[in-house]
Amino acid sequence: MIALPRPRRTRGGGSGRADGPGPAAPSRRRSRVRAFGLRTRLLAAFLLVAAVSAGTTSALTYREARNALLKTAQDTAVSTFRDQVERTGWRLPVEEEGIEEILRDLARTGKPRPWVVFAEYGSVRASSGENPVSSVITPELRRAATAHRYGSFERVVKDGVPYLTIGMPTVFRTGPDSTLPTGLVLYAVMRMTDEQINVDALLVAARNGALPGLAVALVPALLAARSVLRPVRELRRAARSMGSGRLDTRIPVRGSDELADLADTFNESAGQLERSVSELREAEARARRFASDVSHELRTPLAGMLAVTEVLDQDADRLDADTAQAVRLVSAETGKLAVLVEDLMEISRFDARAAELNSDEIDVAEAIRKTLQTRHWADDDRIRTELPAGVRARLDPRRFDVVVANLVGNALRHGGAPVTVHLRTEASSSGTLVLVIEVTDRGPGIPAAALPHIFDRFYKADAARTRSPGSGLGLAITLENVTLHDGTIRAGNLPGGGAVFTVEIPLRAEEASR
Amino acid sequence: MRRTGWRGAEMRRTGWRGLATAVVAAVGVPLVGGCGIQDSDVVEAGGPATVEAFLNRDADMLLFFRSPDGGVSAVIREARPSAGFGDEYIEPGAVTRDPSGPAGPAPTEKVVLALLAGPGEADRAAGLTTALPAVRAKEAVQVEVSSDGGVTARLPLAVQGLDATAVRQLTCTIAYNQAEDGRGVVTLRGQDGAERSGSCGLTPGSPG
Amino acid sequence: MPRVLLVEDDPFVREGVQLGLRRRGHDVRAAGTGEDGLAALADFRPDLLLLDLMLPGMTGVEVCRQVRAHSQLPIIMLTARGDDFDVVIGLEAGADDYIVKPARTEVIDARIRAVLRRMDDGSTGRPAIEVYGDLTIDRVGLTVSKAGRPLTLAPSELRLLLHLSAAPEQVFSRQQLLENVWEHTFHADGRLVDACVARLRGKVEDEVGNPRYVQTLRGFGYRFGPL
């Protein structure tokens, strides 16, 4: 027989209930939003990219802006200083007397802010401040002013304070078109605190600009995450749908990205799976049909053989001993073969889902007694019954007869006397009334290893026993019959020894009253 | 990073810390690195400033003396001193051209003699000195202007032994006396018969 | 000595059943096809027809219909197919009972005797003729007429009607009817009863959809009346 993922019928109520919440629970957990799921990671990656680009842009912009700002400040300072200086007049040689007054005039008119002005001429050193010589002016600036005679400036940071220093050599006109250096060089030294503040403000502005940028980046990030997550969600739904048996599940393929490839691959795999499963199903159906056909074909010859077994049995006494034994053997085995074929037919009907329930409202105790009677077990002292009167249920009498007969027969064959048939009704956990039939024996019980397989077809609990009087299909047919009644059957062992088979069939009060 | 990096709690923390570091590094470094105002090199920003020196070419003369930094500096001195000022500079005998003529540049001979007389009190106060030797003879300066504009000066001193600053003092003084742009070539001829030629070359760029 | 006509296409089964039944004292004639069977009816005049459903040419169901068209000959179907569908078709065609092959000779014999016994099971201590509405039931003459017109009822139909009308308004479950009317000791298919009731209603009722004589109590069974 080919084992296939056929919807498994519940064999034991206990195990069935245990299976129930199992697969559902993790899936519910999976569907929750995860703190570090794909969405979060995508958002984080997007924000990182946005932060890097916004930061870099801010940094570059800031640098440009700062340079422009400084350049403006410096250019303003230099040109202002030059303008101021050009408005001054000097006698040559420059006399130290009165020079400081001119320098202080110059210092007051500094732009964008007051500066300290230093003058150097020959050996004359003077300033608008307290020290005649500045400690900020570098030799490089001095050389540029004296040797190259260019107006020049230099930013100097001293003790954390930025200064702008300007060196301005002076010339005077000797004619309309000619000038001559005076030898006088004027220096201006200006603290750049205001510019520092401007720069700081710029920095803050850049930072503030980057944060809204990040916030704006969230929107495309969420959209991107959605566009990625939607196919993933579809994939998950499809996988779950496949898992629940809908093998024709396919995912719509959108676009041509990696996710579309994934969907394609999923669809291909699903197609292959569907094909191989349908092949297996066909193979299984063929096997079932074969079993059914074989038993059908066996029935015709068996019909002839079974009709003459009586003749054989009657005449065997008149034959010599060996022939008689052979004849009786053929007769007995023919009978067993007929039972086996009948059971195979019954199983085939279940497999083909051709088995129908022909229910009648019956007195259950009466039905059980009748079953025992027709099997000539009614007066058997190995069998005890506890059958309360008045239990009525809607059952298929023929199938219920098979269930009881198989269970009792099985107990008599494999268990030990006394065999007890116990009938009762009880309320199930869901509140409905359940018909319970228990068949117990006092035998050795069922080996633990055999319990899961006890309802399998042709399963022999005792490996040493190669043949049993039954067909090997009795319990399998019993299971199918109980299942057809929406009932459950389970096998177990009693604490004191012996096997117990419990059949539970729900009582449908509303149907019975109709 | 391990593939399970995002899964386990431990790995997860490391992952996020790494991410945070990356963000700070990516955003912070360029910002912090470019913060504030830095030192700069010396940046040239145009020519020198032109100041008023009150030069009157008709009344003043330009003399060049040695400044403390080794260069030469021009001083402006009145050629015709007002009353009570600079009597010692007047050398009537040296004036060959019309001494009482209309206003004009002072005679070059007189200017050279004034230079040779050395820096005045004010000049010395400003640290100006002269590289020229002291000269006693007062008549020995002769200036000739050739047809091509060149000037030749005969000097009452030995030209051979003069240093570069001294030659420059003489050249510039004579050149600026001859022309307002001071571009002419000056030839110095000394008592020793030696000759040295050159131009002043003090013009800083040419603003005009 | 019942005379049994066996119509069975498989020679081995034919031989076997013939052998077994003869040993049990039946006078058996066998035919291989439905046509041969019908031809043998007039000549052999059997007490009972044992009819295989699956026949080459004319099917067992067709033979059954033709026989029922003009005769109340008891018919037992032999079916090799366990399919309930075939059983229902055969029963609707007028068969009185069925036997699933393979069957032991004692089973076949018991069925034959049960069907035949019905015919001479008279009731005692009752008036021979009872009238229920339009129906007149003669328990001695074993005839039923409706509004003076005699009805031709198959043995199982007649037996069922007699059994139900013997206790008017009493409800019989299908299992009880199977045991009492058909003498099935093992649980048989309840649709044997359903099919027979349907056939009977077709003959005695004015409206088959609204039965007056043979009424159904859903979930419980059948009863005669109340009128």
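Residues numbered from 1 in each chain as written. Chains lettered and ligands numbered in written order. Predicted model: local features only at pLDDT ≥ 70, side-chain atom pairs only at ≥ 80, totals over all residues.

(A) Spotlight on the overall build of chain A. Per the secondary structure count, chain A includes 12 helices and 12 strands. Relative to its full complement of 514 residues, chain A shows a buried share of 33%. In chain A, of all internal contacts separated by at least 6 residues, the share reaching a separation of at least 24 is 65%. (Helix = DSSP H or I, 4+ residues; strand = E, 2+ residues; numbered from the N terminus. Buried ≥ 20, exposed ≤ 12 C-beta atoms within 10 Å, placed from the backbone. Contact = placed C-beta atoms within 7 Å.)

(B) Representation of the overall build of chain C in the model. Helix and strand counts for chain C come out as eight helices and 11 strands. Within chain C, the proportion of its 227 residues that are buried is 43%. Looking at chain C alone, contacts between residues at least 24 apart form 57% of all its contacts between residues at least 6 apart.

(C) Structural view of the environment of Arg77(B). Looking at where Arg77(B) falls in the secondary structure, it is placed in strand E4 (residues 72–78). Ignoring any residue separated from it by four or fewer positions in sequence, one finds Arg77(B) in contact with Asp60(B), Met61(B), Leu63(B) and Ala114(B).

(D) Focus on the pairing of strand E8 (residues 195–198) of chain B. Of the strand pairs in this sheet, strand E7 (residues 186–189) of chain B and E8(B) are connected by four bridges, and their pairing is antiparallel. Each residue of the ladder has a partner; that of Thr187(B), found in E8(B), is Ser197(B). (Pairing = 2+ DSSP bridges.)

(E) Summary view of the packing of helix H2 (residues 34–44) of chain C against helix H3 (residues 60–70) of chain C. Residue and element names in this part refer to chain C. Relative orientation of the contacting elements H2 and H3 amounts to 25°, with a least axis distance of 10 Å. Taken together, the axes of H2 and H3 are roughly parallel relative to one another. Crossing angle aside, the handedness with which H2 passes H3 is right-handed. In this structure, H2 contributes Gly 34, Gly 37 and Leu 38 to the contact, and H3 contributes Gly 60, Glu 62, Val 63 and Gln 66. Of the residues contributing to the contact of H2 with H3, the split by class is two nonpolar, four polar and one charged. (Axes fitted to C-alpha atoms, helices over the stretch in contact; angles between N-to-C directions. Parallel < 35°, antiparallel > 145°, perpendicular 65-115°, else oblique. Left-handed = near helix turned anticlockwise from the far one by under 90°. Nonpolar A, V, L, I, M, F, W, Y, C, P; charged D, E, K, R; others polar.)

(F) Spotlight on the packing of helix H2 (residues 108–116) of chain B against helix H4 (residues 164–178) of chain B. All names here are of chain B. For the pair H2 and H4, interaxial distance at closest approach is 10 Å and the crossing angle is 150°. When the axis of H2 is compared with that of H4, the two are roughly antiparallel. In terms of crossing hand, the pair formed by H2 and H4 is right-handed. The segment H2 lies against H4, with Thr 108, Val 111, Val 112 and Leu 115 engaging Gln 169, Leu 170, Thr 173, Ile 174, Asn 177 and Gln 178. A breakdown of the residues in the contact of H2 with H4 according to their chemical character gives five nonpolar, five polar and no charged.

(G) Focus on the nonpolar core. Of all hydrophobic cores here, the largest spans 109 residues; its most connected members are Val408(A), Leu50(C), Leu51(C), Ile76(C) and Leu161(C). In terms of residues, this core owes the most to one element, helix H10 (residues 397–414) of chain A, which gives nine residues. Ignoring anything within four residues of it in the chain, the contact list for Leu50(C) reads Val4(C), Leu5(C), Leu6(C), Ile76(C) and Leu78(C). (Core = buried A, V, L, I, M, F, W, Y, C linked by C-beta atoms within 7 Å.)

(H) Representation of the interface of chain A and chain C in the model. Taken together, the 28 residues of chain A in the interface contact 30 residues of chain C. Looking at the side of chain A that touches chain C, the elements that each hand over two or more residues are helix H7 (258–316), helix H8 (321–351), strand E6 (360–363) and H10 of chain A. For the side of chain A that touches chain C, the leading source of residues is H7(A), giving 13 residues. Considering only residue class, the side of chain A that touches chain C consists of 13 nonpolar, five polar and 10 charged.

(I) Examining the sheet that holds strand E6 (residues 129–132) of chain C more closely. All names here are of chain C. As summarised here, the arrangement of the four strands in space is E6-E7-E8-E9, forming an open sheet in which the pairing is antiparallel. Whereas interior strands pair on both sides, the edge strands pair on one side only; in this sheet they are E6 and strand E9 (149–151). Strand after strand, the sheet turns through a mean of 25° between neighbouring axes, direction not considered. Relative to E9, strand E8 (residues 143–146) runs antiparallel, the two sharing three bridges. Bridge pairing in E9 places Lys 146 opposite Arg 149.

(J) The arrangement of the sheet that holds strand E6 (residues 151–154) of chain B in detail. Residue and element names in this part refer to chain B. Sheet architecture is open: four strands sit in the order E5-E6-E7-E8, paired in mixed fashion. Each edge of the sheet is formed by a strand with only one pairing partner; in this case those strands are strand E5 (142–145) and E8. Across the sheet, the mean angle separating the axes of adjacent strands is 15° when strand polarity is ignored. Along the sheet, H4 contacts E6, E7 and E8; its crossing angle with E7, the most-contacted strand, is approximately 130°.

(K) Expanded view of the confidence of the model for chain C. Residue and element names in this part refer to chain C. Overall, the predicted model of chain C reaches an average pLDDT of 86, with 92% of residues at or above 70. The weakest mean pLDDT in chain C belongs to helix H4 (residues 84–92) at 76; the strongest belongs to strand E1 (residues 3–7) at 94. Interface confidence for the predicted complex, expressed as ipTM, amounts to 0.78; the pTM equals 0.53. (pLDDT = per-residue confidence, 0-100.)

(L) Spotlight on the interface of chain A and chain B. At the junction of the two partners, chain A supplies 65 residues and chain B supplies 54 residues. Every element with two or more residues in the side of chain A that touches chain B is listed here: helix H3 (38–86), helix H5 (139–146), strand E3 (152–158), strand E4 (161–173), strand E5 (179–191) and helix H6 (193–243) of chain A. Element by element, the count of residues in the side of chain A that touches chain B is highest for H3(A), at 16 residues. Broken down by class, the residue content of the side of chain A that touches chain B amounts to 33 nonpolar, 18 polar and 14 charged. Pairing of E3(A) with strand E1 (residues 43–44) of chain B involves two bridges; the strand directions are antiparallel. By the bridge assignment, Phe153(A) is partnered in E1(B) with Val43(B).

(M) Molecular detail of the confidence of the model for chain A. Residue and element names in this part refer to chain A. Residue-level pLDDT values for chain A average 81, and 89% of them are 70 or greater. Per-element mean pLDDT across chain A ranges from 40 in helix H1 (residues 13–19) up to 93 in strand E12 (residues 499–506). Between residues 1–31, whose pLDDT stays under 50, and residues either more than four places distant or in other chains, the model counts 23 contacts. In this model, residues 510–514 is a region of pLDDT below 50 whose contacts with residues beyond four sequence positions or in other chains number seven contacts.

(N) Main features of unusual backbone geometry. Lys101(C) connects to Pro102(C) through a cis peptide bond whose omega is -5°. Secondary-structure assignment places Pro102(C) in the loop between strand E5 (97–100) and helix H5 (105–118). A cis amide bond links Gly225(C) to the next residue, Pro226(C), at an omega of 0°. Inspection of the secondary structure puts Pro226(C) in the segment after strand E11 (221–224). One non-glycine residue with positive phi stands out, namely Asp159(A), at about 55°. Along the chain, Asp159(A) falls in the loop between E3 and E4. For Asp159(A), a count of 5 C-beta atoms within 10 Å corresponds to the exposed category. Not every positive phi belongs to a glycine, and Leu142(C) is a case in point at roughly 55°. With respect to the secondary-structure elements, Leu142(C) resides in the loop between strand E7 (135–138) and E8. Owing to 18 C-beta atoms within 10 Å, Leu142(C) belongs among the partly exposed residues under this scheme.

(O) Highlighting H10(A). For H10(A), built from 18 residues, the straight-helix expectation of 26 Å at 1.5 Å per residue is met to within 8% by its first-to-last C-alpha distance of 25 Å. The element H10(A) is extensively covered by neighbouring structure, given that 15 of its 18 residues are classed as buried. (Expected span 1.5 Å × (residues − 1).)

(P) Spatial organisation of the environment of Thr143(C). Residue and element names in this part refer to chain C. As for its position among the elements, Thr 143 is in strand E8. Taking the number of C-beta atoms within 10 Å as the measure of exposure, Thr 143 has 15 and is therefore partly exposed. A C-alpha to C-alpha distance of 8.3 Å links Thr 143 and Leu 153, two positions 10 residues apart in sequence. The contacts of Thr 143, once residues within four sequence positions are left out, are Asp 138 and Pro 150.

(Q) Representation of the pairing of strand E10 (residues 214–217) of chain C within the structure. Residue and element names in this part refer to chain C. Of the pairings in the sheet, the one linking E10 to E11 comprises four bridges and is antiparallel in character. Bridging across to E11, Val 214 finds its partner in Phe 224. Connecting E10 to the next strand, E11, in antiparallel fashion are three residues, including Gly 219 with a positive phi near 85°.

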